[in-house]
Amino acid sequence: MDIATILPYVQVALSILLMLCIVLQRTGASLGGAFGADNFSTGFHTRRGFEKTLFRATIVLAVLFALSALLHLFI
């Protein structure tokens, strides 16, 4: 199999996983936080446990998706 035939499937899988990771992350304590409203009552917090793992996985998936898009561009 050629990489040009496999790469679109890899990009679709990476995009679905990236969307899931983004949706699962906490955007704010209230509904207004999802739409960009300021919500200062929640304060700042440190990511721990699953939230930290999900944050790092989102970064890794975004980098992999960008690299696969660049690879697809040059093929």
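Note that residues are indexed from 1 along each chain, following the sequence as it is written. Reporting in this predicted model follows two pLDDT cut-offs: at least 70 for local features of residues, and 80 or more for side-chain atom pairs to be given and counted; totals over whole chains, interfaces and linings ignore these cut-offs and use all residues. The basis for the side-chain values is all heavy atoms of the structure; hydrogens and waters are excluded.

Student: Summarise the packing of helix H1 (residues 3-24) against helix H3 (residues 50-74); cite the residues concerned and give the values.
Tutor: Every axis corresponds to a line fitted to the C-alpha atoms, with the helix fit spanning only the stretch in contact, and the corresponding angles, defined between N-to-C directions, vary from 0 to 180 degrees. Put simply, DSSP marks the helices as runs of H or I at least four residues long and the strands as runs of E at least two long, and each gets a number from the N terminus on. Where H1 meets H3, the axes come as close as 9 Å, and the angle between the chain directions of the two elements is 150°. When the axis of H1 is compared with that of H3, the two are roughly antiparallel. H3 is crossed by H1, and the crossing has left-handed handedness. Contacts from Ile3, Leu7, Pro8, Gln11, Leu14, Ser15, Leu17, Leu18, Cys21, Ile22 and Leu24 in H1 reach Leu54, Ala57, Thr58, Leu61, Ala62, Leu64, Phe65, Ser68, Ala69, Leu71 and His72 in H3. Roughly parallel means an angle under 35 degrees; roughly antiparallel, over 145; roughly perpendicular, 65 to 115; everything else is oblique. Left-handed is the label given to a crossing in which the near helix is rotated counterclockwise from the far helix by less than a right angle, and right-handed is the label when the rotation is clockwise. By definition, residues are in contact when any of their heavy atoms lie within 4.5 Å.

Student: So what about the side chain of Gln11? Which residues, and what values?
Tutor: Looking at where Gln11 falls in the secondary structure, it is placed in helix H1. On the basis of relative accessibility, which here comes to 16%, the residue Gln11 falls in the buried class. Relative accessibility under 20% of the residue-type maximum defines a buried residue, over 50% an exposed one, and the middle range a partly exposed one, all with a 1.4 Å probe and only protein chains included.

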